[in-house]
Amino acid sequence: MPRVFIPAQFLNHEQVTLDRVASRHLVKVLRLQAGAEVCVFDGCGTEIEGHIVRASTAGVELALGQRHRVPMPLASITLLQSVPRGDRMDIIVQKTTELGVTRIVPVLSSRGMVKPPPGKTRRWRTIAQEAARQSGRADVPEVAEVTALDAALAGSAEAGGTRLVLWEEERALPLRRIFAQAPPLPVTLLVGPEGGFSQEEVASARAQGFRTVGLGPRILRVETAALVAIALTQAAVGGLD
Ligand code: SAH
């Protein structure tokens, strides 16, 4: 059944009118007509049975019926991702959403992108919504505003739990070993940009209570490192069962 994302604040009534983008998608691309059933999700874990009352590219009207709470992810996983150059962040947001990440914080560090062009955060949020829709999530991971590394480190210190920085020079402690026992939750993972972290940045992370962990002897591309780290974490907390 087609899935439509509508933020929770617009779902307080028995009907809702979709914006132009969503309306065009349902009417022009999927060719749905009045009476067609759709599944609405609110980004916070609720799905609502809906059907089209009026099919119009200007604004599809949906009637809303039964509401269902969908089980939320077992563990909260935050990805602090140093923004790489180019469009690689797009793929990281898309794939980690599919894998069940809870929160993504785009981080600025010394060897990564200096300042993302305007509109990037909005773009990443749209990608997260679309990946949630496509992968059948009823929640949408939060994409935070772009944050300086120091602020991101300090912020995650308050969250506590398991805080790890992926570092290619860490050979003694593989990520897998952290997960030999159930890790204290929430889990926060910090992944570097294509230029890696400087020694000072690794030291700051450690000073804030992060442990350095490795993913084996090969240098992984940023996006590979992020996906592997999220996948291993999910496997450890039962999120892939
Ligand atoms: N500075 C390095 C490569 C950085 S790879 C160089 O150019 O040689 C980009 C990011 O992916 C790193 O900052 C790290 O967070 C992660 N990463 C890549 N390979 C890794 C590995 N084998 N173990 C742990 N983290 C890794």
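The structure contained in this document is the topic of the report that follows. Keep in mind it's a predicted model, so treat the numbers as computed, not measured.

Conventions used here
Residues numbered from 1 in each chain as written. Predicted model: local features only at pLDDT ≥ 70, side-chain atom pairs only at ≥ 80, totals over all residues. Heavy atoms only, no water. Near = heavy atom within 4 Å. Polar contact = N/O pair within 3.5 Å; in protein donor to acceptor, adjacent residues only side chain to side chain. 1 Å grid on protein atoms, 1.4 Å probe; cavity = no way out; pocket = protein on both sides within 12 Å on 5 of 7 lines; lining within 4 Å. Sits in = over half its atoms within 2 Å of the grid points. Core = buried A, V, L, I, M, F, W, Y, C linked by side-chain atoms within 4.5 Å. Buried < 20%, exposed > 50% of the residue type's maximum accessible area, 1.4 Å probe, protein only. Helix = DSSP H or I, 4+ residues; strand = E, 2+ residues; numbered from the N terminus. Contact = heavy atoms within 4.5 Å. Pairing = 2+ DSSP bridges. Axes fitted to C-alpha atoms, helices over the stretch in contact; angles between N-to-C directions. Left-handed = near helix turned anticlockwise from the far one by under 90°. Nonpolar A, V, L, I, M, F, W, Y, C, P; charged D, E, K, R; others polar.

Of all residues adjacent to the ligand, which total 18 residues, the nearest are L166, G192, L215, R218 and L220. A distance of 2.7 Å separates a nitrogen atom of the ligand from a polar atom in the backbone of R218. One of the backbone N or O atoms of L220 is found 2.9 Å from a nitrogen atom in the ligand. Put simply, the ligand lies in the second largest pocket.

General note: in soluble globular proteins, nonpolar side chains tend to be found buried as a group. Ranked by size, the top nonpolar core spans 32 residues in total, and within it L79 and L189 carry the most contacts. Of the residues forming this core, the biggest block, 5 residues, is contributed by helix α7 (residues 222-237). The contact partners of L189, leaving out residues within four places of it in the chain, are I77, T78, L79, L80, L164, L166, A229, I230 and T233. In terms of nonpolar packing, the next biggest core, distinct from the first, is built from 16 residues, A36, V40, L62 and L64 among them.

Here the amide bond leading from L185 into P186 is cis, since omega sits at -5°, within 30 degrees of zero. Here P186 is to be found in the loop between α5 (175-178) and β11 (187-191). Unusually for a residue other than glycine, R31 sits at a positive phi of about 55°. Following the sequence through the fold, R31 ends up in the loop between α1 (20-29) and β3 (37-41). Classification of R31 as exposed rests on a relative accessible area of 63%.

Here β11 lies mainly inside the structure; 5 of its 5 residues are buried. Alternating residues of β11 divide into V187, L189 and V191 and T188 and L190, and every residue in both groups is buried. As judged from the 5 bridges shared by strand β6 (residues 77-82) and β11, these two strands associate in the parallel manner. Bridge pairing in β11 places Q81 opposite V191.

A sheet is described by the order of its strands in space; here 5 strands give the open sequence β1-β3-β4-β5-β2, paired in mixed fashion. Of all strands in the sheet, those with a lone pairing partner are β1 (3-5) and β2 (15-17), marking the two edges. Across the sheet, the axes of successive neighbouring strands diverge by a mean angle of 40°, strand direction being ignored. Pairing of β3 with strand β4 (residues 46-54) involves 5 bridges; the strand directions are antiparallel. Note that in β4 the partner of C39 across the bridge is E49.

Tracing the chain through its elements places V107 in strand β7 (residues 103-108). Residue V107 is classed as buried on the basis of its relative accessible area of 0%. Leave out the neighbours within four places in its chain, and V107 touches L80, Q81, S82, V83, T147, A148, L149 and A152.

We now examine the packing of helix α2 (residues 88-98) against helix α3 (residues 120-135). Two elements in contact, α2 and α3, have axes whose closest approach is 8 Å; the angle formed by their N-to-C orientations is 35°. As α2 runs across α3, the sense of the crossing is right-handed. Contact residues: M89, D90, V93, Q94, T97 and E98 in α2; R123, W124, I127, A128, A131, A132, Q134 and S135 in α3. Considered class by class, the residues forming the contact of α2 with α3 number 7 nonpolar, 4 polar and 3 charged.

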